Each structure stands twice: as C-alpha cells, then as structure tokens.
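One letter stands for each residue in the lines below.
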Amino acid sequence: GRRLKEAVLETSVRMGFEKNVVLWSLRVNASDSDLCPTSPDVEVSLLLAGLVRKLKALPWVFDYPFDPRNFTALVVPAGLIFQDKSSAALAGFAVAASSSSTHCSAPVYTAHTNGTGSAQVYLRLEPNTSINGSGCSGSMGLAMVVGDRIDQIQSELADVRDAFQPLWHEARDAWQERWKSAFVPPEDRQDALKLAGTRFSGSLPMLETGNTKLRRLYYTSCLTLLSLMRWTPALTSQACPVTQTAAGNYCEFRFNADLPTSPVLYTEIGGAGQFYWDTSFHALLSAMLDPAGMRNQTLAVLRANIDKTNWIDLMTMEPGGQRYSFNDYTVFETVQAVASLDPSFLGEPTPQGTVADALRALATKWRALRMEGHPCTADYGGDRNDFLEAVPTYIHAVPALQAANVFMLRAAAQLASTTSEDAQQMHEEADCIAKSLFENQFDEGGFWCSLYPAVEGVKNECVPVRTCIDLLTIARSLRSHEFEVGGLGVSGPRPNPAERMTSFARRELMTPTWLRALSREGEPAYVDRPDHGTTGAYPAWPAGVAEALAVLDGNWSGALRYLEAIGSDAGVASHGPFGQASELEVPNATDPAHAGGAFKTARGATRFLADAGGAFAEVIVRSVFGYDPSAALTGSLPGPAHNSWDDLFYRPQQPRSNLHATLRNVRLPGGKAHVTIETHPGQGLVLKRQ
C-alpha cells in the first residue's frame, strides 16, 4: 500500500480514577491530499514492554527493572501480558476503540523472544479539513493494567477494552472532582464532591485574588502535594492518604556529586519513602487537608529511631535511611503543626511518654552535643552527608541548627504540661544559644559560619558557608524574638544583622525568578547539584527565603514581589507541579541577576515531582496570611473571643503591601470551625469566622 506523505502522532495519558489502569489516547493526524479524501485504513504498529516488578517494600534507592529481557511476553485473548522473571508481577496491554465512531480493526498481538511485544491494527482516518485543509485523522486507545494473577489481568483487560470511552472520560471528570473536593471542608461537600473527597479528612484553604501570579503559585504548590498522594490500600491502612516525598524517573545517581571517585549508580530514587525534613515544609497544609492521615503518620515517625533514620516507608510504616542532623528540628515542626490544629494529639502515647514529652525530648537533645569551650553551642559532627550532602564545609555547629534549638526550647517551654522550673531553664538556654550564635557565628557579609571544634589546642575555626539554609531557618526560628523590636537581629549600628542578611540574599542568592541555594562567592564556589548547590535550588528554599524577607525587612513588598516572580509566566510555577530541583539557565553566572530563568530538572539525584513544592502554599498560608497556630501551641484551645485569635497569627496588624486577597476555609484549632482571612492594601489582616 501507499504511505502517508506526512503524519503526526499525538498521545494523551490519564490514570484511571482509583482504578488499576493507565489509559492512553493515540491520535494520527495526516496531511495527504491524495489519500485523505478516500478515508484510508492505515496500519499502526505499537512496540510494547511492561517493566513492572513486585517488591515487599520500596526503599529510597532501588534497582529499576529496565531490561525487557528480564520479562516474558505472553499473548492472551484479551491482549498482551508481560511477566517478570524475578517476581509475581504482571503487566497487561490491550488496544481499544477510543470512541463509538472509531473504525479500528481487531488488534493482532505478537510476543517477542526478547521480552517485548507488539500490537498491529488498521485505523481508519476520516477527512478532517482543520488539518491543512485536506487532512484526515483517527484515534484509538491503549490500556495497561498491573497485578500478580493472570486471570485477574485478563479479566481487567477485557473490561477496560470494552469500556475504554467511559473510563477515559471518568478519569478526567472524577480526578477534577477530587481536586475540587480538596478545597471544601468535609461537612460542606455535596454529591460528586462528597464522593470524590472521601479520601480527605479535612481540606485545604481556598485562595481568591486578582493577583494571578500569586494564585498560580499557590495552586501549583497545592497541586504538587495532591499529585503525590498515595491511594493504594496498602499505603493508606495506617495513614490515609499520605504523600510520598518524590516521584521521578530512572537516573544516573552519584551520592556525592563533587567527588569523582564516588560510585555512580544507575537506579531509581523515590520509592514509597517519606522524608522527615520534606514533610515539615508542608506540615500545616497537610494537617489541614488530612488531619487523620497526618496524625497517624506522625505517630509512626515518633515511634521510629530518628537518630539513625531520615524517612519512613509508607508501605510498611517502618523507618529507613540514615541519620540526618536536621531530624530533631523538622520532626518537631511537623508534630507542632499536627498538634496546633488538634491539641489532644499532645496526649497520645509515644516511646518518650506522650507526644508533649517527645517534644520536650527533641528540644533538649542539644544538651548532649555541647561543644567544648562553647556551652551554648551544639556540635552535630563532621559527616557532611548528615547535613546538605553536597557542601563539604557545612558540618559541626551549623548556624541553622543552633537557631532551631532556640526555637524548639521556647516552643517546648510554653506547653502547659512543662513545669515552670523546666520552662525557665529552657528559656535561659534559648537566650544563651541565640546570644552565642550572633556573637560567634554571624558574618558582617550577612551570611553565617559553621563553628568547628578546637583541635590540639588550636582555637575553634568558624568556616563561612554562604547557603540559603541558614538565612531561612534563622529568620523562621528567631522571628518572634531576635527579629522583633529590641532583638539581637535588629539592634546595634546600621546596617543591623537583619539588613545584612537581606542584602546577602539579594546580592548572592536570589535570581529574577528563582534562587541559587549556595552562593558562588564563597567556598566551595561551584557545586553542581541543582537542589543544594550553586546551580539551582530545592523548591522549599525560595519559599523559605520569601518568608525570611518578610521577617527581616519588616514589610511585605519585597517578599510578595519575589513570590509573584516565581508564579509569573517566566517562573517555575508555569512548568507544572514542582520537582526536587529547578536549575538555573546560566548556572555559571557569578551574579545571580544574570543567571537567567530556571527550569525543572530531573537530572542526577533529583526527582521530577517533590512534595517540598508544597512549601510555597505553606508560606502563603503561614506568613502572607499569617496563620501560624504552632506559635501559640500550649495544649489548650484558644478561647471563643475574637481577640483570642490574634495569637494564632503572625504580625496580624502589619499590612501585606498592596495585596488584595481572601483565604477561605482556614481550619481553626479543634477542627470544628473555619475562618476567612482577608488582606487589603495598606491594612492589616481581617479575620472573619465562617
């Protein structure tokens, strides 16, 4: 037969709504003035492979079954099945008519000896004048199901093949309803929303504003979280629904990217792991969306030995990984967020006693890490992989963790169950740590230095590390004391520490639409890791820097401009859900102003989707709209009087620049009431009970 002169294949993919199926629509568009008017039947040949493996658990790093020769292809009446030689896993494919008007011949399936297979069909192309005036087009469907029993796979393939069109439309409509339901409190969901929202025990706040850039950033951040929700029954029996840390593609992975001798692994990274640190960046948001799931997941973390692990496997609820020095602080923040909306959570049993006891234990662990000669400084050791991994000098008494200890001590001291004697000691320790931090570890350039222990009589060395981590963590942890009027961060000769910190951020880290996690001005001057190095940033870092700007500047104009830039057409938010890193277009530029835009990357050890992208929505709720109930956590609910709400908000009297926006369905502590928060140009926050 004659070949088409020109043809384009368009594909669309949808995941079946809570069904064990992935659906593709394949459309052939042709431009052929001779053949198209005759409605030709064209042969379409598909080369298929089903590389699916069944594991008892999904560790963070695991071998990806990428070689088809590890599988056996089988032709069955309903389609084509691929059987894994190393497990009971099966993957099945079936070709289907995509609509009732599609003219598609019965497929012919072939199993190949190399573990692949093929399907051939004849597809009729009907005249379509929208294609160059004399074109033609036709479409067909393809479905894939997975399982571990051949009879189950055959049955599901037959069902999907015969009902492809309604399943295709359901996959669009039902997931859209699920998205809508995430922003409606459970008690207000009706009909389809009620059915679609059964997985959420709470809801996310709804943002209304004419500021299209901020709106895009907020909802893209929420979409990032929702795209990583796990619906599989095995993963939701303990905590439903839960968010995995990341998802992505097969990659080339070198753990220590700057070390040429570090072994290269060809592997998959992500699995069903949920990192403690990553969870903390969206803990309040997730506790609003699914308080039941976050409660269970957080209790599982508190039962784990977090001194030897840094993530929890959502399939088994068992911990895994390695020690991470930020564990104490980030687990503390997550526990706080959950308890701030449900104070009864503080009384749940844990290996330390109650959840409140666990918070006090986390807050005081620094006491066992005191650095000799510096009684108010904690030394977390010299293994860089316990910190930022890619920055070899960021070790020992890193500034961010000193500030984190101040934060935890003050928060634990205000718990109602903390004795007055213990609370007084915690406050004294917190003040001492903060004073030592500013006196010994602050650099006039606006960045901070990591204090190393004295060696053989040599005085302690303080090594500057120009990272965004210290900036954003110190601003967040010390914002209610050291960066308020009279505090260490805003006192003394001008420019004061807060002003120097913001100058450093703008001078060396912030790009027009993104961030450089590590400055190119210091040592190391170049670290080719787009999440923590000089070539880009992890999504939680620019979110945290925006929050830091508001704390340190004392106003919201700079922070909002930065958030709007990220949410603009030129910003990373326009690329869809956030990944583990976005890389700068000109990574070698010394001046971040000349680093160009940024793009989402999955190269190296970075995942294409990452829950840390939820940090933008968290910061918008927690800081732009000021709702930070963790700051008022004592174990008791706030009183019914309107003025008792002020303790739940950060700087409620401070205008949010010229922003006009409304945040609805904001869940109050106790879960029985919601408020609406409004911002108006030149005014403070306006709170209204719903």
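Residues numbered from 1 in each chain as written. Predicted model: local features only at pLDDT ≥ 70, side-chain atom pairs only at ≥ 80, totals over all residues. Heavy atoms only, no water.

Mind showing me how you'd approach the sheet that holds strand β27 (residues 536-537) here?
In spatial order, the strands read β27-β28-β29; together these three strands make up an open sheet with antiparallel pairing. Of all the strands in the sheet, just β27 and β29 (598-600) have a single pairing partner and so form its edges. Sheet analysis places strand β28 (residues 582-584) next to β29, joined by three bridges and oriented antiparallel. Residue pairing in the sheet places E583 in a bridge with F599 of β29. (Pairing = 2+ DSSP bridges. Helix = DSSP H or I, 4+ residues; strand = E, 2+ residues; numbered from the N terminus.)

What am I meant to see in the environment of L648 here?
Among the secondary structure elements, L648 is positioned in the loop between α17 (615-624) and β31 (661-667). By relative accessible area, which is 4% here, L648 ends up buried. Residues L648 and L668, 20 residues apart in the sequence, show an inter-C-alpha distance of 9.0 Å. Among all residues touching L648, those that are not within four sequence positions of it are G626, Y627, D628, P629, A632, P638, L668 and P669. (Buried < 20%, exposed > 50% of the residue type's maximum accessible area, 1.4 Å probe, protein only. Contact = heavy atoms within 4.5 Å.)

Help me understand the pairing of strand β26 (residues 462-465) in this model?
On any regular strand, side chains alternate: one points to one face of the sheet, the next to the other face. Side chains V463 and V465 of β26 all project onto a buried face; the interleaved residues C462 and P464 project onto a face where none is buried. As paired strands, strand β25 (residues 448-451) and β26 are joined by four bridges and run antiparallel to one another. Note that in β26 the partner of S450 across the bridge is V463.

What exactly am I supposed to notice about the state of the cysteines here?
Put plainly, a disulfide is one covalent bond tying together the sulfur atoms of two cysteines. As enumerated under the stated definition, the model contains three disulfides in all. The residue that forms a disulfide with C36 is C136, at a sulfur-sulfur distance of 2.1 Å. On the S-S bond that ties C36 to C136, the torsion sits near -55°, and the link is left-handed. Linking C36 in the loop between β2 (22-31) and β3 (41-48) with C136 in strand β11 (residues 135-147), this pair joins segments that are 100 residues apart in sequence. Neither C36 nor C136 differs from the other in exposure class; each is buried. Across a sulfur-sulfur distance of 1.9 Å, C449 and C462 are joined as a disulfide pair. (Disulfide = S-S within 2.5 Å.)

Please clarify how the pattern of salt bridges should be interpreted in this entry.
Proximity of charged atoms lets side chains of opposite charge pair with each other. Within this structure, the stated rule accounts for 37 salt bridges. E177 is paired through a salt bridge with K180; the nearest N and O atoms lie 3.5 Å apart. In this pair, E177 and K180 are both assigned in helix α2 (residues 164-181), three residues apart and thus about one turn of the helix distant. The network of salt bridges with shared partners includes E333, R476, R479, E547, E618, R622 and D628. (Salt bridge = Lys/Arg side-chain N within 4 Å of Asp/Glu carboxyl O.)

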